[in-house]
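Examination of the molecular architecture
What follows is the residue order along each chain.
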Amino acid sequence: MSRGLGDVYKRQIYNCTKPIQNMIQATNSAIPPAARMLGYAGILPFIALALVPAFRDQGVEAAAVRGFLAYSAVILSFLGGVRWGVATRFDRVQWGALLISVVPSLWAFACLWWPNPIVAAWGLMLGFVAMGLADWLLPAPGSAAWMIVLRARLSLAVIACHAILIAALMIS
């Protein structure tokens, strides 16, 4: 008996999505505890500073926004630095790998110079989206599967914090 067309499509979809499913199924136990704890701890300043504008104190809000943007630029630059470290491990250095590693720092620097904090926050958020996509779609050679999963989770949290800050600034 021949298989129906639906079964063929299901099998093709399953085969195409199997690597993604494997990465999503990586549990917290697969991520080394130190990397997991330190990675999630790095989200705490984003959360705290994104929520400060809700208190409606102009002076505190301005300081929190400056702190958020500065921390965001530092972390985005750090992600580029991670890529630089991986790219320079090999004798034969790839232009593309070096480019992906340098762009986040330059982008973050440009965003910090933008006079409007809402536009700067949008720019930094787009930087995290770009790096998240790069880490997911073009993982650095030799990246462990758990690192890709952890980076995806952290990127989503950071992007959400940027969205919260942007919304709070647009409302105020």
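Summary of the structure given here. What you see is a predicted model; the values in this text were computed from it and never measured.

**What to know about the packing of aromatic side chains**
Across all of its chains, the model carries four aromatic pairs by this definition. Considering the side-chain rings of Phe46 and Phe68, the 5.4 Å spacing of their centres and the 75° angle between planes classify their relative orientation as edge-to-face. One end of the pair, Phe46, is in helix 3 (residues 44-51); the other, Phe68, is in helix 4 (residues 58-87), with 22 residues separating them in the sequence. Residue class for Phe46 comes out buried when judged on its relative accessible area of 1%. Assessed through its relative accessible area of 0%, Phe68 is described here as buried. A ring pair is formed by Phe46 and Phe128, whose centres lie 6.0 Å apart and whose planes are at 90°; its orientation type is edge-to-face. Residue Phe46 is located in helix 3, and its partner Phe128 is located in helix 6 (residues 117-137); the two are separated by 82 residues in the primary sequence. Ring pairs connect the aromatic residues Phe46, Phe68, Tyr71 and Phe128, which therefore count as one cluster.

**Brief notes about the packing of helix 2 (residues 33-41) against helix 7 (residues 145-171)**
Closest axis-to-axis distance for the helix 2/helix 7 pair is 10 Å, and the angle between their directions is 20°. Classified by the interaxial angle, the pair formed by helix 2 and helix 7 is roughly parallel. Remark: the crossing between helix 2 and helix 7 carries right-handed chirality. Listed contacts from helix 7 to Ala35, Arg36, Gly39 and Tyr40 of helix 2 are Trp146, Leu150, Arg153 and Leu154. Residues of the contact of helix 2 with helix 7, tallied by class, amount to five nonpolar, one polar and two charged.

Rules behind the numbers
Residues numbered from 1 in each chain as written. Predicted model: local features only at pLDDT ≥ 70, side-chain atom pairs only at ≥ 80, totals over all residues. Heavy atoms only, no water. Phe/Tyr/Trp six-rings, centres within 6.5 Å; stacked < 30°, edge-to-face > 60°. Helix = DSSP H or I, 4+ residues; strand = E, 2+ residues; numbered from the N terminus. Buried < 20%, exposed > 50% of the residue type's maximum accessible area, 1.4 Å probe, protein only. Axes fitted to C-alpha atoms, helices over the stretch in contact; angles between N-to-C directions. Parallel < 35°, antiparallel > 145°, perpendicular 65-115°, else oblique. Left-handed = near helix turned anticlockwise from the far one by under 90°. Contact = heavy atoms within 4.5 Å. Nonpolar A, V, L, I, M, F, W, Y, C, P; charged D, E, K, R; others polar.

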